Every structure is written in structure tokens, then in C-alpha cells.
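# Observations on the three-dimensional arrangement
Chain by chain, the residues run as shown.
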Amino acid sequence: MNKTALIYSEQYLKHNAGKFHPERPERLSETIKYLKESGLMDKLGLTEPHAASLEDVERVHTPHYVEMIRYYSNGGGYRITEDTYVSKTTFEIALLAAGGVITAGDVVLEGSYDNSYALVRPPGHHAKASEAAGFCYFNNVAVAVRFLQHKYKLKKIMIFDWDIHTADGTMSIFWRDPTVLNISIHQNPRTIYPGTGFIKQLGEGPGEGYTVNIPVCSGSGDKDYKYIIEEFVTPLAESYKPELIIISSGMDSHKNDPLGSINLTEKGYSVMSELFMELADRLCEGRIFVESEGGYDLDALSKSTYEVLKSLLGEPSGYVIGGELMEETRKLVLELADSFSRYHKI
Ligand SMILES: [Zn+2]
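Summary of the structure given here. (Residues numbered from 1 in each chain as written. Predicted model: local features only at pLDDT ≥ 70, side-chain atom pairs only at ≥ 80, totals over all residues.)

## Let's talk about the overall build of the protein
We apply this condition: Elements are defined by DSSP. Helices are runs of H or I of four residues or more, strands are runs of E of two residues or more, and each kind is numbered from the N terminus. Computation of the radius of gyration draws on C-alpha atoms alone. For the globule rule, the value is 2.2 Å times the number of residues to the power 0.38. As a rule, residues whose C-beta atom has 12 or fewer other C-beta atoms within 10 Å are exposed, those with 20 or more are buried, and those in between are partly exposed; C-beta atoms are placed from the backbone. C-beta atoms are first placed from the backbone for all residues, and any pair lying within 7 Å is then listed as a contact.
Scanning the protein from terminus to terminus reveals ten helices and ten strands. At 18 Å, the protein has a C-alpha radius of gyration in line with the 20 Å of a compact globule built from 346 residues. Summarising its shape, the C-alpha atoms of the protein cover approximately 50 × 50 × 40 Å along the three principal directions. Expressed as a percentage of the 346 residues in the protein, the buried residues total 53%. For the protein, restricting intrachain contacts to residue pairs at least 6 apart in sequence, the fraction spanning at least 24 positions comes to 78%.

## Details of the sheet that holds strand β6 (residues 157-161)
Stated formally: Here the rule is simple: two strands pair whenever DSSP picks up at least two bridges between them. Working convention: axes come from line fits to C-alpha atoms, limited for helices to the stretch in contact. Angles between N-to-C directions cover 0 to 180 degrees.
Reading across the sheet, the eight strands line up as β2-β1-β5-β10-β9-β6-β7-β8 and stay open at both edges, with parallel pairing between neighbours. Two strands bound the open sheet, and with one partner strand each, they are β2 (45-47) and β8 (211-216). Direction aside, neighbouring strands of the sheet carry axes that sit 15 degrees apart on average. Sheet topology places strand β7 (residues 180-187) next to β8; six bridges connect them, and they run parallel. Residue Ser184 lies in a different strand from β8, and its bridge partner there is Asn213. Its contacts with the sheet place helix α4 (residues 90-109) against β1 (4-7), β2, β5 (115-118) and β10 (288-292), and it is angled at close to 175 degrees to β5.

## Structural notes on the nonpolar core
Definition in use: Nonpolar core, as used here: buried Ala, Val, Leu, Ile, Met, Phe, Trp, Tyr and Cys residues forming one set through C-beta atoms within 7 Å.
Within the largest apolar cluster, 99 residues are counted, with the highest numbers of intra-cluster contacts made by Ala98, Tyr117 and Val143. For this core, the leading source of residues is α4, giving twelve residues. Residues contacting Ala98, with those up to four places away along its chain left out, are Ala52, Asp56, Val57, Gly124, Phe138, Asn140 and Val143.

## With respect to unusual backbone geometry
Backbone geometry follows two general trends: most residues other than glycine have a negative phi, and most peptide bonds adopt the trans configuration. Cis geometry marks the peptide bond from Arg121 to Pro122, where omega comes out at 0 degrees. In this fold, Pro122 is placed in the loop between β5 and α5 (140-152). A positive phi angle, close to 55 degrees, is found at Lys153, a residue other than glycine. Mapped onto the elements of the fold, Lys153 is located in the loop between α5 and β6. Judged by the 8 C-beta atoms lying within 10 Å of it, Lys153 falls in the exposed class.

## Considerations on the packing of helix α1 (residues 26-37) against helix α9 (residues 298-313)
Packed helix pairs are specified by the crossing angle of their axes together with the interaxial distance, meaning the distance between the axes. Here is the rule we go by: Angular relationships are summarised with four words: roughly parallel below 35 degrees, roughly antiparallel beyond 145, roughly perpendicular across 65 to 115, and oblique for the angles in between. With the far helix as reference, a near helix turned anticlockwise by less than a right angle produces a left-handed crossing, and one turned clockwise produces a right-handed crossing. Under the scheme applied, nonpolar residues are Ala, Val, Leu, Ile, Met, Phe, Trp, Tyr, Cys and Pro; charged residues are Asp, Glu, Lys and Arg; polar residues are all the others, including Gly.
Closest axis-to-axis distance for the α1/α9 pair is 9 Å, and the angle between their directions is 50 degrees. Classified by the angle their axes make, α1 and α9 are oblique. In this structure, the crossing between α1 and α9 has a hand that is right-handed. For the pair α1 and α9, contact is made by Glu26, Arg27, Glu30, Thr31, Tyr34 and Leu35 and by Leu298, Leu301, Ser302, Thr305 and Tyr306, respectively. The class makeup of the residues in the contact of α1 with α9 is five nonpolar, three polar and three charged.

## Focus: the environment of Asn16
Relative to the helices and strands, Asn16 resides in the loop between β1 and α1. Distance in space between the C-alpha atoms of Asn16 and Val86 is 8.6 Å, their sequence separation being 70 residues. Not counting residues up to four positions away in its chain, the partners in contact with Asn16 are Pro25 and Ser87.

Here it is, written out as C-alpha cells:
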């Protein structure tokens, strides 16, 4: 069995964007309850995160933007966009979320754990260098990447984001950067927020070919995701040879999630985790960690998180993925291979 760290703090429940906001504290408290009741929690190394420092977040965000979030928080609150609010505790807790993802990477790279899961909120993948959006303030995964590059001199990190929404913040931060192979699989953005994340958006300058958008059609399920990972993402990763794999884990691609129309099940999340663990074993001595993004159906979120953690522990699921492969999925893989064979040996 693997030694797996769960990075979590009850402080994460303190950020509150309003009673009716989908990104609410119960997302994490219910997940923790489920992990405890199922007995899985006893097998995990529960680890308290440290807050990210200003130096950490300013490797990604402009000092002016960081100061703005602090100012709004200290002032008692502010509505930045239609759905993204800063409350009194947001600055402090957003720093702790970024710090949680740093901690998840740190315990794996220093070797105290085989792998890890940062169960944090607020999420981060829509946040840009100087812009909050989509419930996100600091881009947690990008802050962690810059920290780990700085501390461990890593030259190639792969991010795979399976949240239903495009990781547009992460994409903008690494747009011109070949040291990060940044892959986002998401519902076709013509039909869902944030409206970007098409195959042709593949980075620029030295980063051209290192941003990878995989827009799947509504109704795609476990079988489609498995096919895309095996037929396209795996050869792409083999060509890139990352030193570390990070999963940006959004559970809003679950079929029961209220925000979208992708049909993954918790079994699909389990099988995807196993595929990435195999890949990490082959390519980077098993170095992999997971950090949380969206997921708004509490039951789906809890069960999917449980399954991913079980995979990280190395407990074989034995799941066989059922269902039909959509015809669009085959076409999508052909189109992706055609677009990226110019940049990678796939
Ligand atoms: Zn999402």
C-alpha cells in the first residue's frame, strides 16, 4: 500500500461566498465526513497545510492584484464578478489553499509520502495573474508549480485538469511556458463557462504546443475519458517525459453535478487516477499528487474523492468501464493527434 497524505484544514470552511453559493464549505466538510465514515481516513496521513507566503503567490500573481484581494478582505468584503465574492476571511483562506497545494507537492518531492491529495478551497484554476474569476482568487496549482520549480529545480511538470470547466487561468499563466505541459479536458466551451478552451488554443512562442485543450462533447462519459487518456494523453506524456504529474481534480464532470452535462461516474474518476498513477510510475518514479478544484453535488464529490484517494493508496478498484464510446470522441482524438504531432512524438 502507498503512503498517501491528505492535506486539509478546518480553516478551509471559513471562506464563505454566501449561503446559496455552490462553492460552499459543506463541499469539504461532507467529503471529510464520508472519508471518516468509510474508514478510509484512517489509512491517510492527515497533514495540516501552511499558508502560502506573499513571495509564493507573487511568483504567479502581480503584487497589485494580491494587495487588492487583501484590501477587499480587510474591508469586510467585495463582489468582484457576478459569482466571485471576497469575504472577510477570503484573503487568509485563499493563501491557505495555495499553501495546501504547495504542501501536497512538497511532501511528495521531499519523499515523506508516495503521493498526496490537497483537499482545499477556494479553488484556483480560473484565477489569472491579475484577475479573480469563477470562484477562484489565487491559482493554487500554478503557485505550487512555481514553488516546486524554485525549490526542486524541476524542468518539466505535467498538469492534467479534469474539472468540467476549462482551466483558463492556469492556461493563461503557462501560455508561453514549455516547462509545464498543461492539459485541460472539459465540456465543449461553446456550451459552458468560461467559453474558451478550444484545440487551437495551444500556447504561444516557446510555449506553443505545451497548452493542450481537450473539449469533449456533452454526454461524454467514463469510456470516452479513458479512451482519450489512453490514445492521446498517454503518448503525449511519454513524449514530454514529466518529472512530476499533478491532477487538478474537479468533480463537476460527474453525471450528477448540477453545473454541466458530462457523464463521468465515481468509477471513471477511479480508473483515470489508476491510469495516471501507472503513467507516473513509468515516467517519473511515481511522483504524482492531486489538488481539488470544482464539484458541486455533495454526494458525487464525496464518492469521487473517496475513489481517487483509494487509487492513490494503491488499492486496486477492479472496475471495468462500461458504456458506448461516442463517435465524436474518436474524431476528437484524431484531431488532437493531428494538431499536436507537430510538437510531440505522438
Ligand atoms: Zn469546474
